[in-house]
Amino acid sequence: MGLQVIWPTSLVFCAVLNTLHAGEALIDGLSRLRFFTYATLAAYLYYFLPDNPVVNQLFGTVTGFGMSVLTFDWSQIAAIGSPLMYPFWSQLNIITGFVVFHWIISPTLYYSDVWKTGHLPVSGFGAYDRFAKPYNTSRIFTSDHRFDASAYEEYSPLYLPITFAVTYFLGFMLPGALVVHTALHYGPEALRRLKGASEESDDIHARLMTRYPEAPMWYYWAIVVVCTVMMIVAVDVGDIGVPTWGPLLAMLMTMIYCLPMGYMLAMTGVVPSINVITQVIAGCLFPGSAVANMGRNRPSSAIRQWLHILHPALRCGGWRNPAGSDLAMGQTSPSVKIKIR
């Protein structure tokens, strides 16, 4: 039996469309779409409640007690993705990791003053100097955005809040774990599919789409070639300190991680990030150049956006059974229009 992937985020989206446009009423005289409209309006009005001091004190995550386990604020509930979209076992893995690393390990390290974090805020995404002030990066870079080691020594080492440091620690662990996990659990199935051999027969949606013309392969290869050329030209013209082979190396890394990240998304609904390892590699290849580092990091962010937005949309389109050529064009044209704007 081959590997079964469910694409939970796309599946939920299709279920929502079917539910909202179902013919039967949810309650007598109240359609499903109207009920959804009322619920959305109520959720919008809820955001005016934090002006109430008591609500702010109880549920505020910055100045309150942070009792956000029970909250009507959907932005907090779905901060890392809607829990309605993920399988229970996937959510259980997320909450277990959160409890272990941020409720057990992080407080232990913080109150032990590991890495001199005891005098910093517990949580945050900013860097600090030795005086626990926001780090002034302008003091350690030259006018052409190059790292100045002597200025760094004179100013201060860089300190991170403990939760931020632990997050970076996990960022180093994730890329290797992702590749090894995929190879061990899904490697044989992935090889069979890459060779065009599969033990499974096409499902009903795949059979329905065979009646329509597919998008030719040259269409996708043309997009790859055009985007690659544009990326190389942008790097050379922009003079960001990255050689011509830099974008090609970035594409190679995205190709290596595309399959593991795709499997993870299809099975769990979660898109992992590999930006930390790409930043480390860029830092080794282009030492001292902040612009080159961030420019080299961009392709890894792009592949994550593609997996998070375009690929699930393609899967959703497959369930709605349009022509493959129309689906490809529908994905490409909005992207082109957004970039032109």
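Residues numbered from 1 in each chain as written. Predicted model: local features only at pLDDT ≥ 70, side-chain atom pairs only at ≥ 80, totals over all residues. Heavy atoms only, no water.

**Describing the overall build of the protein chain**
Then step 1. Counting secondary structure elements, the protein chain contains 13 helices and zero strands.
Then step 2. For the protein chain, buried positions account for 28% of its 341 residues.
Then step 3. Put simply, of all contacts in the protein chain between residues at least 6 apart along the chain, 65% involve residues at least 24 apart.
Then step 4. Of the roughly 22000 Å² that the protein chain leaves accessible, carbon and sulfur atoms contribute 68%. (Helix = DSSP H or I, 4+ residues; strand = E, 2+ residues; numbered from the N terminus. Buried < 20%, exposed > 50% of the residue type's maximum accessible area, 1.4 Å probe, protein only. Contact = heavy atoms within 4.5 Å. Areas by Shrake-Rupley, 256 points an atom, 1.4 Å probe, with all protein chains shown as cover.)

**Some points on the environment of T137**
Then step 1. In this structure, T137 sits in the loop between α5 (88–111) and α6 (149–155).
Then step 2. Accessibility expressed as a relative area gives 43% for T137, which makes it partly exposed.
Then step 3. Here the alpha-carbon distance between T137 and Y152, two residues 15 residues apart in the chain, equals 9.2 Å.

**Some words on a nonpolar patch on the surface**
Then step 1. Together, F88, L92, I95, F98, V100, W103, I104 and I105 give the surface a local cluster of nonpolar side chains, amounting to about 780 Å² of exposed area.
Then step 2. Relative to the assigned elements, I104 resides in helix α5.
Then step 3. You can call I104 partly exposed: its relative accessible area is 48%. (Patch = residues over 30% accessible without salt bridge, like charges linked within 9 Å, V, L, I, M, F, W, Y side chains within 5 Å. Salt bridge = Lys/Arg side-chain N within 4 Å of Asp/Glu carboxyl O.)

**Quick notes on the confidence of the model for the protein chain**
Then step 1. For the protein chain, per-residue confidence averages 76 on the pLDDT scale, and residues scoring 70 or more make up 71% of the total.
Then step 2. At the level of individual helices and strands, the protein chain shows its lowest average pLDDT in helix α3 (residues 53–59), which scores 60, and its highest in α6, which scores 91. (pLDDT = per-residue confidence, 0-100.)

**What to know about the packing of aromatic side chains**
How two aromatic rings sit relative to each other is set out by the distance from centre to centre and by the angle between their planes.
Then step 1. By the definition in use, this model includes 11 aromatic pairs.
Then step 2. Between the aromatic rings of F147 and Y152, the centroid separation amounts to 5.7 Å while the plane-to-plane angle is 55°, which identifies the pairing as tilted.
Then step 3. Exposure remark for Y152: the relative accessible area of 23% places this residue in the partly exposed category.
Then step 4. An angle of 75° between the planes, with centres 6.4 Å apart, marks the rings of W218 and Y219 as edge-to-face.
Then step 5. Overall, W218 belongs to the exposed group, its relative accessible area being 59%.
Then step 6. Aromatic ring contacts, followed pair by pair, group F125, F164 and Y168 into a single cluster. (Phe/Tyr/Trp six-rings, centres within 6.5 Å; stacked < 30°, edge-to-face > 60°.)

**Let's talk about unusual backbone geometry**
Then step 1. Positive phi outside glycine occurs at D113, with the angle close to 60°.
Then step 2. The residue D113 is located in the loop between α5 and α6 in this model.
Then step 3. Note on D113: relative accessible area 37%, which makes it partly exposed.
Then step 4. Despite not being glycine, A132 shows a phi value in the positive range, around 60°.
Then step 5. The residue A132 is located in the loop between α5 and α6 in this model.

**Some points on the side chain of T228**
Then step 1. Within the secondary structure, T228 sits in helix α9 (residues 217–238).
Then step 2. What makes T228 buried here is its relative accessible area of 14%.
Then step 3. A polar contact of 2.6 Å, which involves the side chain of T228, links it to the backbone oxygen of V224. (Polar contact = N/O pair within 3.5 Å; in protein donor to acceptor, adjacent residues only side chain to side chain.)

**Section: helix α11 (residues 275–285)**
Then step 1. The complete set of buried residues in α11 reads V276, T278, Q279 and A282. Buried residues in α11, looked at end-on, bunch into an arc of 160°, giving them a common side. (Arc of directions from axis to C-beta.)

**Topic: the packing of helix α7 (residues 162–194) against helix α10 (residues 245–268)**
Then step 1. With their axes 9 Å apart at the nearest point, α7 and α10 run at an angle of 85° to one another. Taken together, the axes of α7 and α10 lie roughly perpendicular to each other. Contact residues: P175, G176, L178, V179, T182, Y186, E189, A190 and R193 in α7; Y257, L259, P260, M261, Y263, M264 and M267 in α10. (Axes fitted to C-alpha atoms, helices over the stretch in contact; angles between N-to-C directions. Parallel < 35°, antiparallel > 145°, perpendicular 65-115°, else oblique.)

**With respect to the environment of T228**
Then step 1. It is 8.0 Å that separates the C-alpha atoms of T228 and L248, two residues lying 20 residues apart in sequence.
Then step 2. Apart from residues no more than four positions distant in its own chain, T228 is found in contact with L248 and M251.

**Here we look at the packing of α5 against α7**
Then step 1. At a minimum axis distance of 9 Å, the contact between α5 and α7 shows a crossing angle of 120°. With respect to α7, the axis of α5 lies oblique. For the crossing formed where α5 meets α7, the hand is right-handed. Residues F101, H102, S106, L109 and Y110 of α5 form the contact with α7, whose participating residues are I162, T163, V166, T167, F169 and L170.
Then step 2. Of the residues belonging to the contact of α5 with α7, the class tally is seven nonpolar, four polar and no charged. (Left-handed = near helix turned anticlockwise from the far one by under 90°. Nonpolar A, V, L, I, M, F, W, Y, C, P; charged D, E, K, R; others polar.)

**Digging into the nonpolar core**
The tendency in soluble globular proteins is for nonpolar side chains to be buried side by side.
Then step 1. Membership of the largest hydrophobic core is limited to seven residues, which are L178, M253, Y257, M261, L265, V271 and I274.
Then step 2. The element best represented in this core is α10, accounting for four residues.
Then step 3. The next biggest cluster of nonpolar side chains, apart from the first, holds five residues, and it includes V235, V242, F286 and A292. (Core = buried A, V, L, I, M, F, W, Y, C linked by side-chain atoms within 4.5 Å.)

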